[in-house]
Amino acid sequence: MLLSSYLFGIRFFTFLTVCALLGIVFLFDPSEIGNAGIVLFFLILAFALIGIFLLLLISIYRKMLGDDTAVVYLMSILRQSILLACFITGIFLFQYLHILVWWDSALLFVFILLIEFTFRYFSHSDNK
C-alpha cells in the first residue's frame, strides 16, 4: 500500500482528534464534568499527540530515507509516536496531579526509553 493512502487516514483522524481536543478545552470545563471529563481529556490529548507525532516522524523518515523505506519502518514510527505521546501526556498528568518535578519527568523519560529499548531488543532477537 502506498504511503499517501496511509497519510490521508492519519491526517483525517488527527484533524478529528485535535478538533475534539479543542472542543473539550474551549467548550467544556473537564473538572466540572467530573472524573469522566478528566479521563476523556487525557485520552483525547493522547490520541491527538499520537497523530501529531506520527505525522511529524513520518515526514522526518520520508526526508531522510525516502517513501519506500519509510513504509518499511511504519510500525516502528507508530510505536515511537505512541511512546512520545505517553511521555507528553504523562507530563500533563503529573502537572494536573501537582507532582511534576524534574526528577519525575526524568524517571518517566527513562521508563519510556527502557520500553523503546525493550521493543528494539525483541525485534532484533526475532530476526536472528
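Residues numbered from 1 in each chain as written. Predicted model: local features only at pLDDT ≥ 70, side-chain atom pairs only at ≥ 80, totals over all residues. Heavy atoms only, no water.

1. Some remarks on the layout of surface pockets
Here is the rule we go by: Site definitions follow a grid-based scheme: protein atoms alone, a 1 Å grid, a 1.4 Å probe that fits but cannot get out for cavities, and for pockets an open set with protein on both sides within 12 Å along at least five of seven lines, plus lining residues having an atom within 4 Å of a point. Grid points are joined across faces, edges and corners, and a volume is the space filled by probe spheres set on the points. Put simply, DSSP H or I for four residues or longer makes a helix, DSSP E for two residues or longer makes a strand, and each gets a number counted from the N terminus. By the convention adopted, Pro, Cys, Tyr, Trp, Phe, Met, Ile, Leu, Val and Ala count as nonpolar, Lys, Arg, Asp and Glu as charged, and the other residues, Gly among them, as polar.
Roughly 170 Å³ of volume is contained in the second largest pocket. Around the second largest pocket, the lining residues are Gln 80, Leu 83, Leu 84, Phe 87, Phe 109, Ile 112, Leu 113 and Glu 116. Of all elements in the fold, only helix H5 (74-96) and helix H6 (102-127) reach the threshold of two or more residues within the lining of the second largest pocket. Class assignment of the residues belonging to the lining of the second largest pocket gives a composition of six nonpolar, one polar and one charged.

2. Section: the environment of Leu 56
Note that Leu 56 resides in helix H3 (residues 35-65). For the pair Leu 56 and Ser 81, spaced 25 residues apart in sequence, the C-alpha to C-alpha distance is 8.9 Å.

3. Details of a nonpolar patch on the surface
This is how the line gets drawn: Patch definition: residues above 30% relative accessible area lacking any salt bridge, with like charges linked at up to 9 Å and the nonpolar side chains Val, Leu, Ile, Met, Phe, Trp and Tyr linked at up to 5 Å. Accessible surface is estimated by sampling points in the Shrake-Rupley manner with a 1.4 Å probe; for residues, cover comes only from the protein chains shown. When a carboxyl oxygen of Asp or Glu is within 4 Å of a side-chain nitrogen of Lys or Arg, the pair counts as a salt bridge.
Nonpolar side chains collect at one region of the surface, where Leu 22, Val 25, Phe 26, Leu 27, Phe 28 and Ile 33 lie side by side and expose about 680 Å² of accessible area between them. If one sorts the elements of the nonpolar patch by residue count, helix H1 (residues 3-27) sits on top with four residues.

4. Comments concerning the nonpolar core
Applied cut-off: Note on terminology: a nonpolar core comprises buried Ala, Val, Leu, Ile, Met, Phe, Trp, Tyr and Cys residues joined through side-chain atoms within 4.5 Å. Between buried and exposed lies partly exposed: a residue is buried under 20% and exposed over 50% of the maximum accessible area for its type, with that area taken using a 1.4 Å probe on protein chains only. Whether two residues are in contact is decided by their heavy atoms, any of which lying within 4.5 Å being enough.
By size, the foremost hydrophobic cluster in this structure holds twelve residues: Leu 21, Ile 24, Ile 38, Phe 41, Phe 42, Ile 44, Leu 45, Ala 48, Leu 49, Ile 50, Phe 53 and Ala 85. Secondary structure elements with two or more residues in this core: H1 and H3. No other element matches the nine residues that H3 contributes to this core. Beyond its immediate stretch of four places on either side in the chain, Ile 44 contacts Thr 17, Ala 20, Leu 21 and Ile 24. Counting ten residues, the second largest nonpolar core, distinct from the first, contains Leu 54, Leu 57, Ile 58 and Leu 74.

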